[in-house]
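# Structural overview for review
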Amino acid sequence: MASQAMTSLEMMRRVSADSVRGATADLTARQFALLLSIFMRPGPHAVRDLSKQLDLPKPAVTRALDVLERQGFVRRKKDQADRRDVSVHRTVKGAVFLYDYGERVALRAEETRTCPNWIPVSPPQGPISQPSI
């Protein structure tokens, strides 16, 4: 029987393969984590708060937000009282993207759990010998 970790990795492999094959956005892990942080908690969000939540420097968050905004997944809005303050808001396009992604994860998780057509990696048996040089 496959371990839970191997089953999870197989499911992630399938979802990742779907993502790179499809016409969906090609986001880095950082961008995706930021997008999830924005959508899974009520907003609006301050850049400094997102930086703290993800333990990332503010410039890294800003660069990731640049990409997410270009994709139409989030929008930034300057505070009228303090123009230095920027809030980050969800968009419908970002919500649809994440909903579709979540559906793909659920489908692949169920498929991976119920379909034995993949062979999990077994740990090596016995001691591993080092090649002689």
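Residues numbered from 1 in each chain as written. Predicted model: local features only at pLDDT ≥ 70, side-chain atom pairs only at ≥ 80, totals over all residues. Heavy atoms only, no water.

### Concerning the nonpolar core
Leu27, Leu34, Leu35, Ile38, Leu65, Val74 and Phe97 are the most contacted members of the largest nonpolar core, which has 22 residues in total. When contributions to this core are tallied by element, the ones reaching two or more residues are α1 (4–21), α2 (29–40), α3 (47–54), α4 (58–71) and α5 (92–114). It is α2 that provides the largest number of residues to this core, a total of five residues. Setting aside chain neighbours within four positions, we find Val74 in contact with Leu35, Ile38, Phe39, Leu65, Leu68, Glu69, Val88, His89 and Thr91. (Core = buried A, V, L, I, M, F, W, Y, C linked by side-chain atoms within 4.5 Å. Buried < 20%, exposed > 50% of the residue type's maximum accessible area, 1.4 Å probe, protein only. Helix = DSSP H or I, 4+ residues; strand = E, 2+ residues; numbered from the N terminus. Contact = heavy atoms within 4.5 Å.)

### Looking at the packing of aromatic side chains
The tally for this structure, following the rule as stated, stands at three aromatic pairs. When the ring of Phe73 is compared with that of Phe97, the centres are 4.7 Å apart and the planes differ by 20°; the resulting orientation is stacked. One end of the pair, Phe73, is in the loop between α4 and β2 (74–78); the other, Phe97, is in helix α5, and 24 residues separate them in sequence. Each member of the pair, Phe73 together with Phe97, is buried. Relative to Tyr101, the ring of Phe97 has its centre 6.3 Å away and its plane inclined at 35°; by these criteria the two rings are tilted. (Phe/Tyr/Trp six-rings, centres within 6.5 Å; stacked < 30°, edge-to-face > 60°.)

### A few points about the side chain of Gln31
Within the secondary structure, Gln31 is located in helix α2. Classification of Gln31 as buried rests on a relative accessible area of 11%. In this structure, Gln31 is in contact with Asp26, Ala64, Val67 and Leu68, ignoring residues within four places of it in sequence.

### What about the environment of Glu110?
In this fold, Glu110 is placed in helix α5. Using a relative accessible area of 39% as the deciding quantity, one classes Glu110 as partly exposed. In this structure the C-alpha to C-alpha distance between Glu110 and Met11, which are 99 residues apart in sequence, comes to 8.7 Å.

### Some remarks on the pattern of salt bridges
Opposite charge on two side chains permits pairing when their charged atoms draw close. Enumeration over the complete set of coordinates arrives at nine salt bridges. Between Glu10 and Arg13 there is a salt bridge; the shortest N-O distance is 2.8 Å. Here Glu10 and its partner Arg13 are both found in helix α1, three residues apart, which amounts to about one turn of the helix. Look at Glu10 and you get buried, because its relative accessible area is 10%. On the basis of relative accessibility, which here comes to 47%, the residue Arg13 falls in the partly exposed class. Counted as one network, the salt bridges with shared partners bring together Glu10, Arg13, Arg14, Asp18, Arg21, Arg108 and Glu111. (Salt bridge = Lys/Arg side-chain N within 4 Å of Asp/Glu carboxyl O.)

### Some details on the confidence of the model for the protein
Summary statistics for the protein give a mean pLDDT of 83 and a share of 82% for residues scoring 70 or more. Within the protein, α4 carries the highest mean pLDDT (96), whereas α1 carries the lowest (82). (pLDDT = per-residue confidence, 0-100.)

### With respect to the packing of α3 against α4
At a minimum axis distance of 9 Å, the contact between α3 and α4 shows a crossing angle of 110°. The orientation of α3 relative to α4 falls into the category roughly perpendicular. Seen from α3, the contacting residues are Val47, Arg48, Leu50 and Ser51; seen from α4, they are Lys58, Val61, Thr62 and Leu65. (Axes fitted to C-alpha atoms, helices over the stretch in contact; angles between N-to-C directions. Parallel < 35°, antiparallel > 145°, perpendicular 65-115°, else oblique.)

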